[in-house]
Each structure stands twice: as C-alpha cells, then as structure tokens.
Amino acid sequence: MGSGRKVAVFGAYGHTGRFVVAELLDRGFVPVLSGRDADKLKALAESSESLAGPATRPASADDPAALDRALAGTAAVVNCAGPFATTAAPVIEAALRAGIPYVDVAAEIEANADTFARFADRARASGAVIVPAMAFYGGLGDLLATAAMGDWTTADEAHIAYGLSGWHPTAGTRAAGAVSHQRRDGGRVRYRGGRLEHHRDELPTLDWPFPEPMGSRPVVGEFTMADVVTLPSHLAVPDVRTYMSVEAARDLAAPGTPEPTAVDARGRSAQTFLVDVAVRSGSERRATASGQDIYAVTAPLVVEAVDRILTGRTRTVGVASAGALFDAPGFLRALSPHITLEPRR
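For clarity, every value in this text was computed on a predicted model and none was experimentally measured. (Residues numbered from 1 in each chain as written. Predicted model: local features only at pLDDT ≥ 70, side-chain atom pairs only at ≥ 80, totals over all residues. Heavy atoms only, no water.)

1. Here's the deal with the overall build of the protein chain
(1) Moving on: From N to C terminus, the protein chain includes 12 helices and 16 strands.
(2) Moving on: Its C-alpha atoms give the protein chain a radius of gyration of 19 Å, near enough to 20 Å, the size a compact globule of 345 residues would have.
(3) Moving on: Structurally, the protein chain occupies a C-alpha span of about 50 × 45 × 40 Å along its principal axes.
(4) Moving on: Of all 345 residues assigned to the protein chain, the portion counted as buried reaches 56%.
(5) Moving on: In the structure as shown, the protein chain presents an accessible area of about 14000 Å², 50% of it carried by carbon and sulfur atoms. (Helix = DSSP H or I, 4+ residues; strand = E, 2+ residues; numbered from the N terminus. Rg over C-alpha atoms; globule rule 2.2 N^0.38 Å. Buried < 20%, exposed > 50% of the residue type's maximum accessible area, 1.4 Å probe, protein only. Areas by Shrake-Rupley, 256 points an atom, 1.4 Å probe, with all protein chains shown as cover.)

Next up, the structure:
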C-alpha cells in the first residue's frame, strides 16, 4: 500500500488523471494535484471528502520553477497531461531535478520514442527511473508480450490485436492524435525490420481470431499504437504489428463521436476491451487480457507501477517500459481486480 506517500499527478483533472487520483487514494497514497488550471484543480480537490487533504499545486509545462514547486516533497510524479510531445520532457526534467521517478500515460508514438532517445543515457547514469507509456496502450500490450515470450530471448514477430467494443475518445486523445498527425505530415508509422518507418499505404482490413466469446472479428491492420516503441525497447523482436477493431477505428475517425460517458459508480464507460497478443518464432505463444474502459484501466496500471518502483520491485534503471522494468507475469496477476487474464494458448 501507499503508506501515505505523496505522489504528484500532473494533469490531475483530466479524464485519465481523475481515475489515477482515485486509484492512488484507494491504494493509500496521497495525491498532489497539479496542472495548469488552478480553478480545475480546486474544483477537483473539493469534489469529495477523500480529496479534502491533497495539496493543489498549479503548474504549467513551460514553467520549470512551478513544476519544481509541484514536485517538492513528493515520492514520484505521474504525468497524465497530453499532448506528451509538449509535456513529457519538461516534467521529466523536473523529476530528474527532484530525484524522483517519473511515469506517464503517453500513447503518442513519437513522444515515447523521444523519451527513450533523449533521456536514456542521463537516467541510466543517475540511477533514475523513467517509465513512458505505462498505460493501456504501450504498457498493457508490453506486459502481455513479455509474459507470452516466457523463456524465449528472441522472436520473429509480435502481434497485438485490440478488440474494443467501440472507442469514444477524450478531448486529450483527439489533441494528441492531432499532434502526431502533424508530426507525420499526415502519414502513418509502423515497425518493420527493427526500426520505425513512415509510410502512406492504405491500411488493410482483415479478420483476427480473438478468443471466445468475442470470436473472429474484422480489424484494421497496421493501426499502429505505442507498443511499437515499448516492445522493441527491450525485446528482440524485429517486427511488431498492432491491430484495431473496425468499430473502434471508425469511432475514433468520426469527428462527432462523443466523449466517454460514465455508467457505474467508478466512472467507467460501457466500453469493453480484449487485448490478444501473439509472439511467433517457429511456434506461437499467446497472452490475452480483457476488461472494461481503456481509460479507467490505465489507473491501476500506473499506480501498480508507482507502488513497485517505490518498494524496489524493479529490474533495471533508466528509461524503461513496463515489460523491462517489472516481473510481467506477477504484475499482470496483481491487476486481477481490473482485468481478466486468459490462459496462454
């Protein structure tokens, strides 16, 4: 449990940030609420008795002194404020100055690649821990792929198929997508031959054999997500492909799709997901997880990571993805209240 340790949450009042704050409270941590909008921070702090104690510390990513004040006296920082192309580097710099671990929920491929490229050497040299993409996209797939690999040291291919019932994107998701689209000049990105490459090919539609009860479903191929950064950062797999259910891809592409609507007391939407991972090297190994609400499930992923870092249950230092830093099977088992793991097939 958190034992009353303070954890700064930058972007605390955002959709995912609120889930993270609630999970920190449930796990016995004391959230320190931060972000650029002081009024939203105050409103969040006053929204329930559980949040009466946490400090609110307004800060913006372009104000290093304010970020230093926000992180003062905290044990770790979780960055939930996108676009991460703008916020990740400044908050990481503040975490390094404060000497505390940094964890974010970035799904932006380029932002995550930038974090590895820019901070790997400094973080390793100083013994710091920086974990990008500790979220549904990037984090969960990496843990599943690492668990599926087992005793394999290499594989020829890794495939991550996202079976979402639909996808009502948040404003933050749309903003991050717009930044990525601009960085790619309208093109697309994929991971082939051991490197990221840009392309303008049309995306294929194919059937993916999800386990029952979902069963075979049409997916958009090469619908590339953050897994193409996290997996290759530590797994010797030269070909990483991700797929998205057609329904979710259509929702995301439609400008009129509304934001998520809560359907239960925890604030989760009705969205369900099934993540099916296959690694191949002559034979095939698989790992599968299912649950409800991709934004909500990011919170236990993040907070479990923070807890393991602060209690020394890690495997390395520097910039590291979830699968590299943690015992993947054990981490996934710890998420059992939030996800259902399917037996390896």
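2. Notes on the sheet that holds strand 6 (residues 129-131)
Pairing between the strands of a sheet comes from backbone hydrogen bonds, and it takes one of two forms, parallel or antiparallel.
(1) Moving on: A sheet is described by the order of its strands in space; here seven strands give the open sequence 3-2-1-4-5-6-15, paired in parallel fashion. A strand with exactly one partner marks an edge of an open sheet, and here the two such strands are strand 3 (56-58) and strand 15 (318-319).
(2) Moving on: Relative to strand 6, strand 5 (residues 102-104) runs parallel, the two being bridged by two bridges. The partner of tyrosine 102 across the bridge, within strand 6, is isoleucine 130. (Pairing = 2+ DSSP bridges.)

3. Here's the deal with the packing of aromatic side chains
(1) Moving on: One pass over the structure, following the stated rule, counts seven aromatic pairs.
(2) Moving on: Considering the side-chain rings of phenylalanine 136 and phenylalanine 273, the 4.9 Å spacing of their centres and the 65 degrees angle between planes classify their relative orientation as edge-to-face. With phenylalanine 136 in helix 6 (residues 136-149) and phenylalanine 273 in strand 13 (residues 272-281), this pair connects stretches of sequence that are 137 residues apart. A single burial state applies to phenylalanine 136 and to phenylalanine 273, both of which are buried. (Phe/Tyr/Trp six-rings, centres within 6.5 Å; stacked < 30°, edge-to-face > 60°.)

4. Overview of the side chain of glutamate 23
(1) Moving on: In this fold, glutamate 23 is placed in helix 1 (residues 15-26).
(2) Moving on: Although glutamate 23 is buried, it forms no salt bridge, and the closest oppositely charged side chain is arginine 27 at an N-O distance of 4.5 Å.
(3) Moving on: Setting aside chain neighbours within four positions, we find glutamate 23 in contact with Ala299, Pro300, Val303 and His338. (Lys, Arg positive; Asp, Glu negative; His and termini not counted. Salt bridge = Lys/Arg side-chain N within 4 Å of Asp/Glu carboxyl O. Contact = heavy atoms within 4.5 Å.)

5. Some thoughts on helix 9 (residues 246-253)
(1) Moving on: Along helix 9, the residues classified as buried are Val246, Ala248 and Ala249. One side of helix 9 holds all its buried residues, which, seen down the axis, span an arc of 165 degrees.
(2) Moving on: Here the buried face of helix 9 lies against strand 7 (157-164), strand 10 (205-209), strand 11 (216-221) and strand 12 (240-245). (Arc of directions from axis to C-beta.)

6. Notes on the pairing of strand 7
(1) Moving on: Of all eight residues in strand 7, seven are buried, a share of seventy percent or more.
(2) Moving on: Pairing between strand 7 and strand 13: eight bridges, direction antiparallel. Residue pairing in the sheet places leucine 164 in a bridge with phenylalanine 273 of strand 13.
(3) Moving on: Of the strand pairs in this sheet, strand 7 and strand 12 are connected by five bridges, and their pairing is parallel.

7. Describing helix 5 (residues 109-126)
(1) Moving on: Here helix 5 spans 25 Å end to end across 18 residues, near enough to the 26 Å set by a 1.5 Å rise per residue.
(2) Moving on: For helix 5, the principal kink sits at phenylalanine 119 and spans about 55 degrees.
(3) Moving on: Among all positions in helix 5, only Ile109, Glu110, Ala111, Asn112, Thr115, Phe116, Phe119, Ala120 and Ala123 are buried.
(4) Moving on: Two residues or fewer past helix 5, glycine 127 is found with a positive phi of approximately 75 degrees. (Expected span 1.5 Å × (residues − 1). Bend = angle between axes of the 7 residues up to and from the residue.)

8. A few points about the pairing of strand 12
(1) Moving on: Among the six residues that make up strand 12, five are buried, leaving the element largely enclosed by the rest of the structure.
(2) Moving on: Pairing of strand 11 with strand 12, which is carried by three bridges, proceeds in the antiparallel orientation. What sits directly across from valine 220, in strand 12, is methionine 244.

9. Observations concerning the packing of helix 6 against helix 10 (residues 294-310)
(1) Moving on: Close contact between helix 6 and helix 10 brings their axes to 10 Å; oriented N to C, the two are set at 60 degrees. Relative to helix 10, helix 6 is oriented so that their crossing is left-handed. Note on element contacts: helix 10 touches helix 6 through Ile294, Val297, Thr298 and Leu301, opposite Phe136, Tyr137, Leu140 and Leu143.
(2) Moving on: Of the residues contributing to the contact of helix 6 with helix 10, the split by class is seven nonpolar, one polar and no charged. (Axes fitted to C-alpha atoms, helices over the stretch in contact; angles between N-to-C directions. Left-handed = near helix turned anticlockwise from the far one by under 90°. Nonpolar A, V, L, I, M, F, W, Y, C, P; charged D, E, K, R; others polar.)

10. Brief notes about the nonpolar core
(1) Moving on: Within the largest apolar cluster, 109 residues are counted, with the highest numbers of intra-cluster contacts made by Met134, Phe136, Leu164 and Trp167.
(2) Moving on: The residues contacting phenylalanine 136, other than those within four sequence positions of it, are Gly141, Tyr162, Leu164, Phe273, Val275, Ile294, Val297, Thr298 and Leu301.
(3) Moving on: Core analysis: the next-biggest nonpolar cluster, separate from the first, contains seven residues, Ala161, Met214, Tyr243 and Leu274 among them. (Core = buried A, V, L, I, M, F, W, Y, C linked by side-chain atoms within 4.5 Å.)

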